[in-house]
Amino acid sequence: MKVVIFEAEEWEARACRALSGNHELTCVKERLTSDNAAKYSDAEVISTFINSRLDAEVLRHFPELRLIATRSTGHDHIDLAWCAAEDIEIANVPDYGDVTVAEHSFALMLAAARYLVPAVERTRRGNFSQDDLRGIELRGKTLGVVGTGRIGRRAIEIARGFGMNVVAFDVDPDSSAAANLGFTYLPFAELLSQADIVTLHLPATPQTQDLLSDAEFAAMKTGALLINTARGNIVSVPALVRALAEGKLRAAGLDVLPQEPLVREEAEVFRGPPLEKENLEALVANHVLLRFPNVIVTPHVAYNTHEAVARIIETTIENIEAFAMGSPKNLIV
Ligand SMILES: NC(=O)C1=CN([C@@H]2O[C@H](COP(=O)(O)OP(=O)(O)OC[C@H]3O[C@@H](n4cnc5c(N)ncnc54)[C@H](O)[C@@H]3O)[C@@H](O)[C@H]2O)C=CC1
Ligand SMILES: O=C(O)C(=O)CO
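Not measured: the values here are computed from a predicted model.

1. A few points about helix H4 (residues 98–113)
In an α-helix there are 3.6 residues to a turn, and that puts residues three or four apart on one side.
Then comes step 1: For H4, with 16 residues, the first-to-last C-alpha span of 22 Å sits near the 22 Å given by 1.5 Å per residue.
Then comes step 2: If you check which residues of H4 are buried, you get Thr100, Val101, Ala102, His104, Ser105, Phe106, Leu108, Met109, Ala111, Ala112 and Ala113.
Then comes step 3: The positive-phi residue at the C-terminal boundary of H4 is Tyr115, with phi of around 50°.

2. Digging into the packing of aromatic side chains
Then comes step 1: All told, the structure shown has five aromatic pairs when counted by the stated rule.
Then comes step 2: Here the aromatic rings of Phe49 and Tyr303 are separated by 4.9 Å at their centres, their planes lie at 50°, and the arrangement is tilted. Residue Phe49 is located in the loop between strand S3 (45–47) and helix H2 (56–59), and its partner Tyr303 is located in the loop between strand S12 (295–297) and helix H14 (306–324); the two are separated by 254 residues in the primary sequence.
Then comes step 3: Summarising the aromatic geometry, the rings of Phe106 and Phe162 are spaced 5.5 Å apart at their centres and angled 5° between planes, so their arrangement reads as stacked.

3. Examining the site of ligand 2
Then comes step 1: With respect to spatial proximity, the complete set of residues near ligand 2 consists of Phe49, Ile50, Ser72, Thr73, Gly74, Tyr96, Arg231, His300 and Tyr303.
Then comes step 2: Taking Thr73, its main chain carries an N or O atom lying 2.7 Å from an oxygen atom of ligand 2.
Then comes step 3: His300 places a polar side-chain atom, nitrogen or oxygen, 2.8 Å from an oxygen atom of ligand 2.
Then comes step 4: Protein chains bury 93% of the 230 Å² of accessible surface belonging to ligand 2 in isolation.

4. Description of the sheet that holds strand S9 (residues 197–200)
To summarise the sheet geometry, strands pair through backbone hydrogen bonds and adopt either a parallel or an antiparallel arrangement.
Then comes step 1: If you trace the seven strands from one edge of the open sheet to the other, you get S8-S7-S6-S9-S10-S11-S12, paired in parallel fashion. The open sheet terminates on both sides in strands that have one partner only, identified here as strand S8 (184–185) and S12.
Then comes step 2: Two elements, S9 and strand S10 (residues 224–228), share four bridges in a ladder whose sense is parallel. Residue pairing in the sheet places Ile197 in a bridge with Leu225 of S10.
Then comes step 3: On the sheet, H4 packs against strand S6 (142–146), S9, S10, strand S11 (249–254) and S12 and is oriented at approximately 150° with respect to S10.

5. A closer look at the side chain of Thr208
Then comes step 1: Along the polypeptide, Thr208 turns up in the loop between S9 and helix H9 (214–219).
Then comes step 2: The exposure class of Thr208 is buried, given its relative accessible area of 9%.
Then comes step 3: Of note is the side chain of Thr208, whose polar atom sits 2.8 Å from the backbone nitrogen of Thr205.
Then comes step 4: When near neighbours in sequence (up to four residues on either side) are disregarded, Thr208 contacts Leu202, Pro203, Asn233 and Ile234.

6. Brief notes about H14
Then comes step 1: Look at H14: 28 Å from first C-alpha to last across 19 residues, which is about the 27 Å you get at 1.5 Å a residue.
Then comes step 2: Listing the buried residues of H14 in full gives Ala308, Val309, Ile312, Ile313, Thr315, Thr316, Ile317, Asn319, Ile320, Glu321, Ala322 and Phe323.
Then comes step 3: Buried residues along H14 sit against strand S1 (2–5), helix H1 (10–15), S3, strand S4 (67–69), strand S5 (89–91) and H4.
Then comes step 4: Positive backbone phi, at 85°, marks Gly326, one or two positions downstream of H14.

7. Examining the pairing of S1
Then comes step 1: Relative to strand S2 (residues 24–27), S1 runs parallel, the two sharing four bridges. Pairing of Ile5 across the sheet is with Cys27, part of S2.
Then comes step 2: Crossover connection from S1 via H1 to parallel S2: handedness right-handed.
Then comes step 3: Across three bridges, the pairing between S1 and S3 is parallel. Directly across from Val4, in S3, lies its bridge partner Ile46.

8. A word on the site of ligand 1
Then comes step 1: Within the structure, ligand 1 sits among 24 residues, and Arg150, Ile151, Asp170, Thr229 and Asp255 are positioned closest to it.
Then comes step 2: At 3.0 Å from a nitrogen atom of ligand 1 is found a side-chain nitrogen or oxygen belonging to Asp255.
Then comes step 3: At a separation of 3.0 Å, an oxygen atom of ligand 1 approaches a polar backbone atom of Tyr303.
Then comes step 4: Grouping the constituent residues of the shell around ligand 1 by class yields eleven nonpolar, eight polar and five charged.
Then comes step 5: Two domains each put at least three residues into the shell around ligand 1: domain 1 (2–96 + 306–324) and domain 2 (98–297).

Criteria and thresholds
- Residues numbered from 1 in each chain as written.
- Chains lettered and ligands numbered in written order.
- Predicted model: local features only at pLDDT ≥ 70, side-chain atom pairs only at ≥ 80, totals over all residues.
- Heavy atoms only, no water.
- Helix = DSSP H or I, 4+ residues; strand = E, 2+ residues; numbered from the N terminus.
- Expected span 1.5 Å × (residues − 1).
- Buried < 20%, exposed > 50% of the residue type's maximum accessible area, 1.4 Å probe, protein only.
- Phe/Tyr/Trp six-rings, centres within 6.5 Å; stacked < 30°, edge-to-face > 60°.
- Near = heavy atom within 4 Å.
- Polar contact = N/O pair within 3.5 Å; in protein donor to acceptor, adjacent residues only side chain to side chain.
- Areas by Shrake-Rupley, 256 points an atom, 1.4 Å probe, with all protein chains shown as cover.
- Pairing = 2+ DSSP bridges.
- Contact = heavy atoms within 4.5 Å.
- Axes fitted to C-alpha atoms, helices over the stretch in contact; angles between N-to-C directions.
- Right-handed = clockwise from strand over helix to strand, strands pointing away.
- Nonpolar A, V, L, I, M, F, W, Y, C, P; charged D, E, K, R; others polar.
- Domains from an automatic or database assignment.

No statement about biological role is implied by the geometric values presented.
Structure follows, in structure tokens:
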């Protein structure tokens, strides 16, 4: 099959040589966009990371396309309806990141709880003042986990190790996990009112867009922490800014933001057509958010450990081979 791997770092391109000789392989460093898609229009299989937006505008350039092998767990960057209508299958990597992402959530949680970033910035300037650096312990606090899939369950295991109480919400609760890991499912509103720290581990879908907005922040405990390693648009950033400005939240640790490509490539915004009002608002809100001293933002790196990226490429190769052999794996249904 003609296979094109986009967003491929050199080591990934080398790893992809493990694909069987039956395939014609092209590795491209850049992300896939409507500007470069036509160059690869005979591809039957494409693989991208999450920075390529695979919507109709891009995918219509690929008349031969049969499989998208996304090198991610999340698939909100792909137009599922278009793919279904065009008989394009999608395979993801569902289980590379539970440990890696859950550990990053705790890195953010501890950093937010102990003001780690301002503390380190201060000592780097030779300032050893302890003013405003008194934090909180995790032990004995209640963690609210939204989404008890692979990453959420791993986060719960870590939380139990810290001596935290755990409450959780999931649209598809897993009672045996609750019994085995020692946590309690609650309705979403109750979780918000009981949790000292809320951590998000659910996918971005039309149903989860702005799941946390003004009403949900109002329902949270004053002084609560929010951790988001899931997807940016699950949290309304204007509402989050209001909650921080009003002192409702103590701090937030965020690995993801809405409109990440816009934030990352701001110069592009001014080269292209004027932004829609909604996107402009998201961009402005992100900027305000980035200036709060009690907000820690990492650049969507929760997935990024040596172990996890090796698992991603290994599974992607397996996904492509399995599809080519007629016994597809990890298809999103
Ligand atoms: N920041 C990063 O680098 C990474 C972020 N992620 C994000 O983490 C998300 C979760 O990953 P996994 O735990 O592996 O997925 P998973 O599929 O194992 O678990 C997701 C859970 O969310 C639940 N869920 C779905 N809709 C919900 C709703 N409306 N309310 C409450 N729960 C809901 C599901 O029932 C499921 O239990 C991914 O979808 C992805 O967006 C994943 C990997 C890396
Ligand atoms: O695997 C995913 O869904 C990611 O977000 C990787 O960054």
